[in-house]
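# A closer look at the structure
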Amino acid sequence: MSCAFHDPEMPPFQLAELPVDHPPSRLLRNFLSLIKACPCSHSLGDDAVIRKALDAAGLTSVIAHRLSYKANVMTIIVVPGSIWREPLPMLRIRAIKRERHGNNRRTCIIPKSVVHRQPRLSNSQYISNAAQVWVPPEDRMAVLLHLIENGYSTVIDCAREVKSAPPVAAVFQMISDGTLMIDLDKPILPHSRIDLISVQD
């Protein structure tokens, strides 16, 4: 199968000879958790053009995902560590990025380690897992009123305002939809600070 991004000066390589150190499906799930936990970003699915080029090059474990971030559309290419350390596959990936970038599509390459950075990943998983929780308007208004009156609060104090939905999950859902803010780069604890989105955005 030919690849539109093939560079004749690049020697061929066999990806099968490289170790695959992480199942792609798990890597994709973790990446999507990061997107869901960030109110400014939204998943737009696979980048079909880059996906086709990667598959043609044998780079099936590399993720190519489109997302919108603050109204800007971009593609993130996530590279497993075993491939990131290999010069030839990375040359191929960079060639694919250059071609796509030349077609006015903003593209960024990141290693798997960025996705799996802690505590952001674990925190994002907590938030994204609560994204589908239904928070009744009365509970939402109670949390918002509590924060307006106090300026800021904590996870546990906001959860105490929730009467109908699972309390902590309700707070996390309000973070996922962009109503509330929490620092994802610090471990989420009962007394972690919660702000209204307008305070920090």
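Residues numbered from 1 in each chain as written. Predicted model: local features only at pLDDT ≥ 70, side-chain atom pairs only at ≥ 80, totals over all residues. Heavy atoms only, no water.

All right, on to the nonpolar core then. I175, L180 and I194 are the most contacted members of the largest nonpolar core, which totals 24 residues. Among the secondary structure elements, those contributing two or more residues to this core are α7 (137-150), α8 (155-160), α9 (167-176) and β7 (193-196). When near neighbours in sequence (up to four residues on either side) are disregarded, I194 contacts L147, Y152, S153, T154, V155, C158, V171, I175, L180, M181 and I182. (Core = buried A, V, L, I, M, F, W, Y, C linked by side-chain atoms within 4.5 Å. Buried < 20%, exposed > 50% of the residue type's maximum accessible area, 1.4 Å probe, protein only. Helix = DSSP H or I, 4+ residues; strand = E, 2+ residues; numbered from the N terminus. Contact = heavy atoms within 4.5 Å.)

Read from one edge to the other, the open sheet built from 4 strands follows the order β1-β2-β3-β4, with strand pairing classed as mixed. Here the strands that pair on one side only, and so sit at the sheet edges, are β1 (41-46) and β4 (106-111). Neighbouring strand axes in the sheet, compared pairwise and without regard to direction, differ in orientation by 30 degrees on average. Bridge count between β1 and strand β2 (residues 63-69): 5 bridges; the pairing is antiparallel. Looking at β2, one finds that G45 is bridged to R66. (Pairing = 2+ DSSP bridges. Axes fitted to C-alpha atoms, helices over the stretch in contact; angles between N-to-C directions.)

Turning our attention to the packing of aromatic side chains. Scanning the model with the defined rule gives 0 aromatic pairs in all. Positioned above the aromatic ring of Y152 is the side chain of R193, whose terminal nitrogen or guanidinium carbon lies 4.0 Å from the ring centre. (Phe/Tyr/Trp six-rings, centres within 6.5 Å; stacked < 30°, edge-to-face > 60°. Lys NZ or Arg CZ within 6 Å of the ring centre and 35° of its normal.)

Glancing now at the confidence of the model for the protein. Mean pLDDT over the protein stands at 87; residues scoring 70 or higher make up 84%. Residue range residues 1-24 is modelled with pLDDT below 50. Its contacts to residues more than four positions away, or to other chains, number 41 contacts. (pLDDT = per-residue confidence, 0-100.)

Take the pairing of strand β3 (residues 72-79) next. Among the 8 residues that make up β3, 6 are buried, leaving the element largely enclosed by the rest of the structure. In terms of strand pairing, β3 meets β4 through 6 bridges, oriented parallel. Across the sheet, the residue bridging to I77 is I109, located in β4.

Across the 10 residues that make up α9, a large majority, 8, are buried. For α9, the set of buried residues is A169, A170, V171, F172, Q173, M174, I175 and S176. G178, located one to two residues past α9, shows a positive phi value of around 90 degrees.

For helix α6 (residues 120-129), the full list of buried residues reads L121, N123, S124, I127 and S128. What you see down the axis of α6 is that its buried residues fit within an arc of 160 degrees, all on one side. (Arc of directions from axis to C-beta.)

One face of the sheet, then the other: side chains in a regular strand alternate in exactly this way. Taking burial as the measure, the 7 residues of β2 include 5 buried ones, the bulk of the element. Judged from the 7 bridges that link them, β2 and β3 form a sheet pairing that is antiparallel. Residue pairing in the sheet places L67 in a bridge with M74 of β3.

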